[in-house]
Amino acid sequence: MTAARRLLAATALAATALHAAPVISTFGPLRNRLMPGLSGRGRPGHIALTFDDGPDHLSTPHFLRLLAVRDIRATFFLLGSMAARSPGLVQEMSAAGHEIALHGWAHRPLLLRGPRATYEDLARAHGLLGDLTGTPPRLFRPPYGVLTGPAHLAVRRLGLTPVLWTAWGEDWRPRSTPRSVYDTVVRDLRGGGTVLLHDSDCTSATGSWRTTLAALPRLLDTCEERGWQTGPLREHYTA
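Rules used in this analysis
- Residues numbered from 1 in each chain as written.
- Predicted model: local features only at pLDDT ≥ 70, side-chain atom pairs only at ≥ 80, totals over all residues.
- Heavy atoms only, no water.
- Helix = DSSP H or I, 4+ residues; strand = E, 2+ residues; numbered from the N terminus.
- Contact = heavy atoms within 4.5 Å.
- Phe/Tyr/Trp six-rings, centres within 6.5 Å; stacked < 30°, edge-to-face > 60°.
- Buried < 20%, exposed > 50% of the residue type's maximum accessible area, 1.4 Å probe, protein only.
- Lys NZ or Arg CZ within 6 Å of the ring centre and 35° of its normal.
- Core = buried A, V, L, I, M, F, W, Y, C linked by side-chain atoms within 4.5 Å.
- Axes fitted to C-alpha atoms, helices over the stretch in contact; angles between N-to-C directions.
- Left-handed = near helix turned anticlockwise from the far one by under 90°.
- Nonpolar A, V, L, I, M, F, W, Y, C, P; charged D, E, K, R; others polar.
- Pairing = 2+ DSSP bridges.
- Right-handed = clockwise from strand over helix to strand, strands pointing away.
- Salt bridge = Lys/Arg side-chain N within 4 Å of Asp/Glu carboxyl O.

Undergrad: Explain the overall build of the protein chain to me, and be specific about the residues and the numbers.
TA: When helices and strands are tallied, the protein chain shows 10 helices and 8 strands. Considering only intrachain contacts with a sequence separation of at least 6, the fraction spanning at least 24 residues in the protein chain is 78%.

So, in structure tokens, the structure goes:
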């Protein structure tokens, strides 16, 4: 191999490493221990309740009604492509006091996108959600929880803060049950944690949102029994 080819190969390898290096943050135990901010670790007496992949006009209203009965607000990480189909629902969610956050425009892995495509995807959804609610979203959760170098640059340019989670329900799986979703969340749940669930099945097993909805009351009861307040991420870091 000539010197020029070795240099070209080394440059390509370095570019690939820079693009993919943040992927290490997807490893939950390591992230929770070394990156508490990215994991969504907040004050000990609070649990941040978050939902991904909405809004879905078929499923999200069921979650909104349940949360309204419990007088609880949550953070919804919305897809721009879904918000464009249900703009009135986005406005309803915001008016009800829920925090509207960004999940991108299309639910595609950021590892498959370059810097320009990454920024354009996030900026498109960011602009739409800001127009619908009157307030630009300030939080971002990448599809599949996978961050890249270009994604970090894009969120910084848009004034966003990336947030992942400390506990999830694995509620997207075809064989999930309300009991399995509850048990999976509670296994890793500690005061100050952030819970990831889904209010839509647009990227999950068909009808999986019904399983999540059925698991939610017991999960909220457990948080209350343990003395934890449950609310959106905007209340997670303040006394």
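Undergrad: Any details on the packing of aromatic side chains? Residues and values, ideally.
TA: In total, this model carries 5 aromatic pairs according to the counting rule given. Ring plane angle 65 degrees and centroid distance 5.4 Å describe the contact between F51 and F63, whose orientation is recorded as edge-to-face. Taken together, the positions of F51 in strand β1 (residues 46-52) and F63 in helix α4 (residues 60-70) put the pair 12 residues apart, joining distant regions of the chain. Side by side, F51 and F63 carry an identical accessibility label, which is buried. Aromatic rings pair up to connect F51, F63, F76 and W209 into one cluster. For the cation-ring pair, R218 lies above Y182, with the distance from its terminal atom to the ring centre recorded as 3.9 Å.

Undergrad: Let's hear about the nonpolar core: which residues, and what values?
TA: Formed by 50 residues in total, the largest nonpolar core has its most connected members in L49, F51, L67, L189, L197, L216 and L219. Counting residues per element, this core draws most heavily on helix α10 (residues 208-225), at 7 residues. Other than its neighbours up to four places away in sequence, F51 contacts F63, L67, A74, T75, F76, F77, L197, H198, D199 and L216.

Undergrad: Explain the packing of helix α6 (residues 87-95) against helix α7 (residues 115-133) to me, using residue names and the numbers behind them.
TA: Look at α6 against α7: their axes get within 9 Å of each other, and the N-to-C directions meet at 65 degrees. The handedness of the crossing between α6 and α7 comes out as right-handed. Only L129, L132 and T133 of α7 make contact with α6, whose side of the interface consists of P87, V90, Q91 and S94. When its residues are assigned to classes, the contact of α6 with α7 shows 4 nonpolar, 3 polar and no charged.

Undergrad: Give a description of helix α9 (residues 178-188) that names residues and reports values.
TA: Along α9, the residues that are buried comprise V181, Y182, T184, V185 and V186. On the buried face of α9, the contacting elements are β6 (167-168), β7 (194-198) and α10.

Undergrad: Got a sec to walk through unusual backbone geometry? Specific residues and values, please.
TA: Following G54, the chain continues to P55 via a peptide bond in cis, the omega torsion being 0 degrees. Despite not being glycine, D53 has its phi angle at roughly 85 degrees, a positive value. Position of D53 among the secondary structure elements: in the loop between β1 and α4. Phi at D71 takes a positive value of approximately 55 degrees, unusual for a residue other than glycine. On the secondary structure map, D71 appears in the loop between α4 and β2 (75-78). By relative accessible area, which is 54% here, D71 ends up exposed.

Undergrad: Now, about the pairing of β2: what can you tell me, with residues and values included?
TA: Burial of β2 is two-sided: the residues T75 and F77 facing one way and the residues F76 and L78 facing the other way are all buried. With 3 bridges joining them, β1 and β2 adopt parallel strand pairing. Along β2, the bridge assignment pairs F51 with F76. The parallel pair β1 and β2, bridged by α4, forms a crossover whose chirality is right-handed.

Undergrad: Give me the lowdown on the pattern of salt bridges, citing residues and values where you can.
TA: Scanning the model with the defined rule gives 10 salt bridges in all. Two residues, R187 and D188, come together in a salt bridge whose shortest N-O distance is 3.7 Å. Within this structure, R70, D221 and E224 form a network of salt bridges that share partners.

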